[in-house]
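# Structural features, examined
Chain residues, written in single-letter form:
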Amino acid sequence: MWSPSSWRAYPNAHQPEWPDEERAGAARAGLASLPPLVFAGEARQLRDALAKVAAGRGFVLQAGDCAESFHEFSAPLIRDKLKILLQMAAVLTYAGTLPVVKIGRIAGQFAKARSSPTERVGDLELPSFRGHMINDEAPTLEARLPDPERMLRVYNQAAATLNLLRAFTKGGFADLDQVHAWNQEFVASSPEGQRYEAIASEIERALRFMEACGIDLRSEPQLHQVDLWTSHEGLVLDYEEALTRRDSLTGDWYDCSAHMLWIGERTRQPDGAHVEFFSGVHNPLGCKIGPTASPEDVLLLCELLNPDRIPGRLTLVTRLGADRVSELLPRLLRAVRQAEHPVAWICDPMHANVFTTASGHKTRRFDAVMQEIEGFFAAHWQEGTWPGGVHLEFTGEDVTECLGGSEAVLEEQLDARYMTLCDPRLNPRQSLDLAFRVAELMRRYPSSY
Ligand code: PEP
Ligand code: CO
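The following refers to the structure shown.

So, how was this worked out
- Residues numbered from 1 in each chain as written.
- Chains lettered and ligands numbered in written order.
- Predicted model: local features only at pLDDT ≥ 70, side-chain atom pairs only at ≥ 80, totals over all residues.
- Heavy atoms only, no water.
- Near = heavy atom within 4 Å.
- Polar contact = N/O pair within 3.5 Å; in protein donor to acceptor, adjacent residues only side chain to side chain.
- Areas by Shrake-Rupley, 256 points an atom, 1.4 Å probe, with all protein chains shown as cover.
- Nonpolar A, V, L, I, M, F, W, Y, C, P; charged D, E, K, R; others polar.
- Core = buried A, V, L, I, M, F, W, Y, C linked by side-chain atoms within 4.5 Å.
- Buried < 20%, exposed > 50% of the residue type's maximum accessible area, 1.4 Å probe, protein only.
- Helix = DSSP H or I, 4+ residues; strand = E, 2+ residues; numbered from the N terminus.
- Contact = heavy atoms within 4.5 Å.
- Pairing = 2+ DSSP bridges.
- Axes fitted to C-alpha atoms, helices over the stretch in contact; angles between N-to-C directions.
- Donors = N, O, S within 2.8 Å, 3.2 Å for Na, K, Ca; no water.
- Parallel < 35°, antiparallel > 145°, perpendicular 65-115°, else oblique.
- Left-handed = near helix turned anticlockwise from the far one by under 90°.

## Brief notes about the site of ligand 1
- Near ligand 1 you find C66, R105, K112, W262, G264, E265, R266, K288, R319, H351 and E393, and these make up its full shell.
- One nitrogen or oxygen atom from the side chain of R105 is found 2.9 Å from an oxygen atom belonging to ligand 1.
- Taking H351, its side chain carries an N or O atom lying 2.9 Å from an oxygen atom of ligand 1.
- Starting from 300 Å² of accessible surface for ligand 1 in isolation, the protein chains cover 97%.
- Classifying every residue of the shell around ligand 1 by side-chain character gives two nonpolar, two polar and seven charged.

## Overview of the nonpolar core
- Counting residues in each nonpolar core, the largest one holds 123 residues, and the members touching the most others are Y239, L316, I373 and L434.
- It is helix 3 (residues 75-96) that contributes the most residues to this core, 11 residues altogether.
- In this structure L434 touches M88, F366, V369, M370, I373, L392 and L426, once residues within four positions along its chain are discounted.

## Digging into the sheet that holds strand 2 (residues 100-105)
- Strand order around the closed barrel formed by eight strands is 1-2-5-8-9-10-11-14, with parallel pairing between neighbours. Put simply, the sheet's adjacent strands are angled 25 degrees from each other on average, direction ignored.
- Two elements, strand 10 (residues 314-318) and strand 11 (residues 344-347), share four bridges in a ladder whose sense is parallel. Residue pairing for strand 11: V317 is matched across the bridge by I346.

## A short note on the environment of P191
- Relative to the helices and strands, P191 resides in helix 6 (residues 191-212).
- Judged by its relative accessible area of 46%, P191 falls in the partly exposed class.
- For P191 and T244, which are 53 residues apart along the polypeptide, the C-alpha to C-alpha distance reads 46 Å.

## Focus: the coordination of the cobalt ion (ligand 2)
- Only C66 (SG), H351 (NE2), E393 (OE) and D423 (OD) from the protein coordinate the cobalt ion (ligand 2), and they sit 2.1 to 2.4 Å from it.
- Mapped onto the sequence, the residues coordinating the cobalt ion (ligand 2) show the spacing C-x284-H-x41-E-x29-D. With H351 in the loop between strand 11 and strand 12 (355-356) and D423 in the loop between strand 14 (387-393) and helix 12 (428-444), this pair connects stretches of sequence that are 72 residues apart. Note on accessibility: H351 and D423 belong to one class, buried.

## Things to note about the packing of helix 6 against helix 12
- The N-to-C vectors of helix 6 and helix 12 enclose an angle of 55 degrees; their axes lie 9 Å apart at closest approach. Considering their axes alone, helix 6 and helix 12 lie oblique with respect to each other. Pair helix 6 / helix 12 crosses with left-handed handedness. Counting all contacts with helix 6, which are made through E192, G193, R195, Y196 and I199, the residues of helix 12 involved are R429, L432, D433, F436 and E440.
- Class assignment of the residues belonging to the contact of helix 6 with helix 12 gives a composition of four nonpolar, one polar and five charged.

Listed below in structure tokens is the structure:
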């Protein structure tokens, strides 16, 4: 029998070992007494939007930080991240002519599954940094100690972030009339920024055209507001359980920490705690699919996470690697299509394309990211399935973390503004460049829309 705590009887990888059980219990109880961050009805709306994606009538843009930070938290940082997301969505909607489902890796993305429990920092061997929900990145033993009260701080930061995002997206900032204003100064003069300006002007002209035809644009809320959904990897089950509530309208359980939750590559074991927990909540779910997943593994996950085959319930996020996507993806697509599971497929071109430079920076090449996306589109085209979106790590700041792009970031420049807490992120110019290229792919592979 499933319950919000039934996962505790299952093998649970990557859970923090809180040093003091009494304090951990108090933090869990504190969280459980707080209001939900999202409403079950919103999660159902997102599920319906993702059902259209599964049917080939929409495209997902899911993006944000690898790990959110307690230290880098301010209104301008949230605003600049939203700006680039809105710009990319405008490019994809206009050039790809499809509805774009916008999902942030935001307002909860604070925990990381690490491949090793310890890491070397200089001469020190320390417990790994595991995200601000668990510990701090400072290179001392004390900072690396898991602290359960951090879960309450995550809740508070997520609530403040979500509040600002709701204000921005519903209060005028995301109005299509602002399409030029989303271009940040340091991007506007670049080739991507100028290309964006051209599209923004075309969108403006299209709006004026509709107005001239007698359509009252002011009365069309879709032009003035945006739905931006939140998502994160549901890694720390103490946090997810405490925010799981029974919906008063349907009686169903929802994990009210975010609209959408995904299961990471390291915690998708079919008999593990994460699959058990997420099988019982009714949110739309993602599941990462890495290069070791066989067609049988993927079908079993579909059965466990979406036994009733509800369209929009399950999104499979493939992260196979630029070199391997063409070899590995077609048979996964075929197996799921033949079993008639209604999944949305989206491509994470980031996580299987990481490498460390001689200078010790973890990075990714823009070209490898694009190569994986192209392989993803080609495999779908070959199998008659729908390439339903992309899952990216990006930031609104002008960082130098990923290599390449049209005004290439070079290896010797990585040190200049390398700011990420975890994995390297695309900067705004690289993100826009990517959006234009994906829109071109969308045009090459027509949808059933
Ligand atoms: C991530 O999304 O940041 C991540 C760690 O991905 P994966 O589980 O696919 O490795
Ligand atoms: Co990452």
